[in-house]
Amino acid sequence: MRTRRRRLSTAVTALALTLAAAVSAAPAATAAPADKPQVLSSWTQTSASSYQAWLNARNNQAAWSDYGFDWSTDYCSWSPDNPFGFPFELSCARHDFGYRNYKDLGTFEANKARLDNAFYADLQRVCDGYSGATGAACDATAWTYYQAVSNLGS
């Protein structure tokens, strides 16, 4: 009986030491750079240059890994990503990026209107590539998508 206790005690001690070593060897979590809110803001404005800066970063996410941005997206959620053939997918991805990351920072409500406006500006830039009836259909679809996120997005 005494031998079993000693073996069990030795095994528990060895396990505890192994766990302690693993925990102390784990790298410490690093804080995101202090300029994360400024970078996020620069990538979520209504301008084409803001969109392009975000797209460049999205295509090179590893360069921004220290910031801990959430790049996940479900694109246009429950709506078609490319309604009637209009390529809205990337506009939806940037909108998701803004929503997710401002929620992570706890400043979503203060930024929601701007994010929705940037989304609409992105959609309008897509529609600028069309003219005539097709352009009008694209504009109407963009307006519908904007109204949906403006009124229902959360």
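See above for the structure.
We now turn to the structure provided with this report. From a predicted model like this one, the values you see are computed outputs, not experimental measurements.

This paragraph deals with the overall build of the protein. Along its length, the protein carries six helices and zero strands. A burial count over the protein gives 32% of its 154 residues as buried. For the protein, contacts bridging at least 24 residues in sequence account for 68% of all contacts bridging at least 6. Accessible surface computed for the protein: about 9400 Å², of which carbon and sulfur atoms make up 57%.

Here the focus is the nonpolar core. Of all hydrophobic cores here, the largest spans 30 residues; its most connected members are Trp43, Trp54, Phe69, Trp71, Phe88 and Phe97. For this core, the leading source of residues is helix α5 (residues 108-127), giving seven residues. Residues contacting tryptophan 43, with those up to four places away along its chain left out, are Ser50, Ala53, Trp54, Ala57, Trp64, Phe69, Trp71, Arg94 and Phe97.

Before going further, it helps to spend a moment on the environment of tryptophan 71. Along the chain, the position of tryptophan 71 falls in the loop between α3 (48-58) and α4 (89-105). Residues tryptophan 71 and asparagine 101, 30 residues apart in the sequence, show an inter-C-alpha distance of 8.5 Å. What tryptophan 71 contacts, discounting residues up to four positions off in sequence, is Trp43, Trp54, Ala57, Arg58, Gln61, Trp64 and Phe97.

The next point concerns empty space enclosed by the protein. What the rule picks out here adds up to one cavity of 30 Å³ or more. Here the largest cavity defines a volume of roughly 50 Å³. Around the largest cavity, the lining residues are Thr44, Ser91, Arg94, His95, Leu115, Ala118, Phe119 and Asp122. Elements with a contribution of two residues or more to the lining of the largest cavity: α4 and α5. When residues in the lining of the largest cavity are grouped by element, the largest group, four residues, is from α5. Grouping the amino acids of the lining of the largest cavity by side-chain chemistry returns three nonpolar, three polar and two charged.

Conventions we followed
- Residue indices follow the written sequence of each chain, beginning from 1 at its first position.
- Given that the model is predicted, a residue must reach a pLDDT of at least 70 before its local features are reported, and side-chain atom pairs must reach 80 or more before they are shown or counted; all residues, however, enter totals for whole chains, interfaces and linings.
- By convention in this description, side-chain values take in all heavy atoms of the structure and omit both hydrogens and water.
- We count a stretch as a helix when DSSP gives it H or I for four or more residues in a row; a strand needs E for two or more, and each element gets its number in order from the N terminus.
- Buried means the residue's accessible area, taken with a 1.4 Å probe over protein chains only, is under 20% of the maximum for its type, while exposed means over 50%, and partly exposed covers the values in between.
- Contacts are assigned to residue pairs that have any heavy atoms within 4.5 Å of one another.
- Per-residue accessibility takes into account occlusion by the displayed protein chains alone, with areas from the Shrake-Rupley method and a 1.4 Å probe.
- We define the nonpolar core as a collection of buried residues of types Ala, Val, Leu, Ile, Met, Phe, Trp, Tyr and Cys that are connected through side-chain atoms lying within 4.5 Å of one another.
- Both site types are read off a 1 Å grid over the protein atoms alone. A 1.4 Å probe that fits but cannot get out defines a cavity, while an open set with protein on both sides within 12 Å along at least five of seven lines defines a pocket; lining residues have an atom within 4 Å of a point.
- Grid points are joined across faces, edges and corners, and a volume is the space filled by probe spheres set on the points.
- For this classification, the nonpolar set comprises Ala, Val, Leu, Ile, Met, Phe, Trp, Tyr, Cys and Pro, the charged set comprises Asp, Glu, Lys and Arg, and every other residue, Gly included, is treated as polar.

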